[in-house]
Amino acid sequence: MKKIINIGFCVCLWITFFFQYIYAQENENIGLATQAGSAYVFEYNSEKVVFAKNENEKLFPASMTKMMGLLLIYEQLHAGKLSFDDMVVTSDNAASMGGSQVYLEENETMSVRDLVESICIASANDAMVAMAEKIGGSHEHFVEMMNTKAKQLKMTNTHFVNATGLHDENHYTTAKDMGILAKALLAEGQDDLLAITSTYDAYIREDSEQPFWLVNTNKLLRQYPGVDGLKSGYTSQAKSCITITAKKDGVRLIAVVMKEPDSKTRNQEIMQLLDYGFQKFNVKTLYKKGQEVGNVSINNAKVKEVSVYAKQDISLVYENENDVKVTKEEIILTKQKAPYKKGEVIAKLQLQLQDGSLLTSDLYIEEDIEAIQYVDVFMQTLQKIFV
């Protein structure tokens, strides 16, 4: 009888410990982002989510809205429709924006570069509206472009009413949608964007009689190693919110918190989230930035193939060693026709991983490649005939 009781006791004890273990595993992140209305943290390359809290709850984004405006700006820059040296004339509408601003005056002209720096560093509403009008023709049309882009990115719980983030009951998003937007913005802006968002202070109108000192609203640049962006926000209705990106030992995280009670709490909680995320990952670098990856065949050019190089470090980020096995590696030509310019991205490296995920990285060339001319085709034909 005693033996049966002891066995029963051991079984009960084992079951108790088992469920305690399961509970602990499921709640290991209790204590993170306790004051936030919502939060979302994931690893940039794999999109592996490491923390989520109310990530699909619709909240007010405040100036995090400007990330969408910046995405559209960088798309225009990379499409050749806009240049950092272009000058923008400030309208009365742009000059009248309240909140954070650089005090643009009506008819004042400023370069696109200075306006982008004003948006990224000082979160300037007047600069954002000036750029919105430059690209969209009007603020209203630019907002339509923002909502169209949000649909393309599958930001399913987002609706924009303005380009600034000034409060409107119909202007909302979620922590998850802000994460999606942040990844798209980083992919488009890359090092050019991060060079600005990681700047703590700078000047605009530097050569004028009224230079203006820009100080970054993202104080984590000096509080957490590896932080190099991205966008903070505050209104009395949205409370304190921020989208952060940070890189450590080859791992890049994107972290979002919304509706924090104040900036101090916001910064403390997002630093805890970053610590938690970075502890989870290891990194394996396959190709360094600038390293030759291989060759790609090209058609209408004077050469048959060209070497391609890694635009950025090509790394696999993983939690377990088994998750990092590459089952297929392929170089795909993305720009079909020459001419190609030195430094131009013309291909991508596509990696199929054992877990089913697919990673892609841009590849560029280090030489100019001329398109083949009719005379070249004619000469090649003659050679085939007479050889």
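Going by the structure above, here's the rest.
Below is a summary of the structure that appears in this document. (Residues numbered from 1 in each chain as written. Predicted model: local features only at pLDDT ≥ 70, side-chain atom pairs only at ≥ 80, totals over all residues. Heavy atoms only, no water.)

A few words now on the side chain of Glu-260. With respect to the helices and strands, the residue Glu-260 is situated in strand β9 (residues 251-260). A distance of 3.5 Å separates the side chain of Glu-260 from the backbone nitrogen of Ala-36, its partner in a polar contact. Setting aside residues up to four positions removed in sequence, Glu-260 forms contacts with Gln-35, Ala-36, Lys-239, Ser-240, Thr-265, Arg-266 and Glu-269. (Helix = DSSP H or I, 4+ residues; strand = E, 2+ residues; numbered from the N terminus. Polar contact = N/O pair within 3.5 Å; in protein donor to acceptor, adjacent residues only side chain to side chain. Contact = heavy atoms within 4.5 Å.)

Another aspect to go through is helix α4 (residues 112-122). Most of α4 is tucked away, with nine of its eleven residues classed as buried. For α4, the complete set of buried residues consists of Val-112, Leu-115, Val-116, Glu-117, Ser-118, Ile-119, Cys-120, Ile-121 and Ala-122. Positive backbone phi, approximately 55 degrees, marks Ser-123, located one or two places after α4. (Buried < 20%, exposed > 50% of the residue type's maximum accessible area, 1.4 Å probe, protein only.)

Before going further, it helps to examine the sheet that holds β9. Backbone hydrogen bonds hold the strands of a sheet together, and the pairing may be parallel or antiparallel. Taken in spatial order, the five strands of this open sheet run β2-β1-β9-β8-β7, and their pairing is antiparallel. At either margin of the open sheet sits one strand with a lone partner, and together these are β2 (49-53) and β7 (227-235). Ignoring strand direction, the axes of neighbouring strands in this sheet form an average angle of 5 degrees. In the packing of helix α8 (residues 263-278) onto the sheet, the strands contacted are β1 (38-43), β2, β7, β8 (239-248) and β9, and the crossing angle to β9 comes to about 150 degrees. (Pairing = 2+ DSSP bridges. Axes fitted to C-alpha atoms, helices over the stretch in contact; angles between N-to-C directions.)

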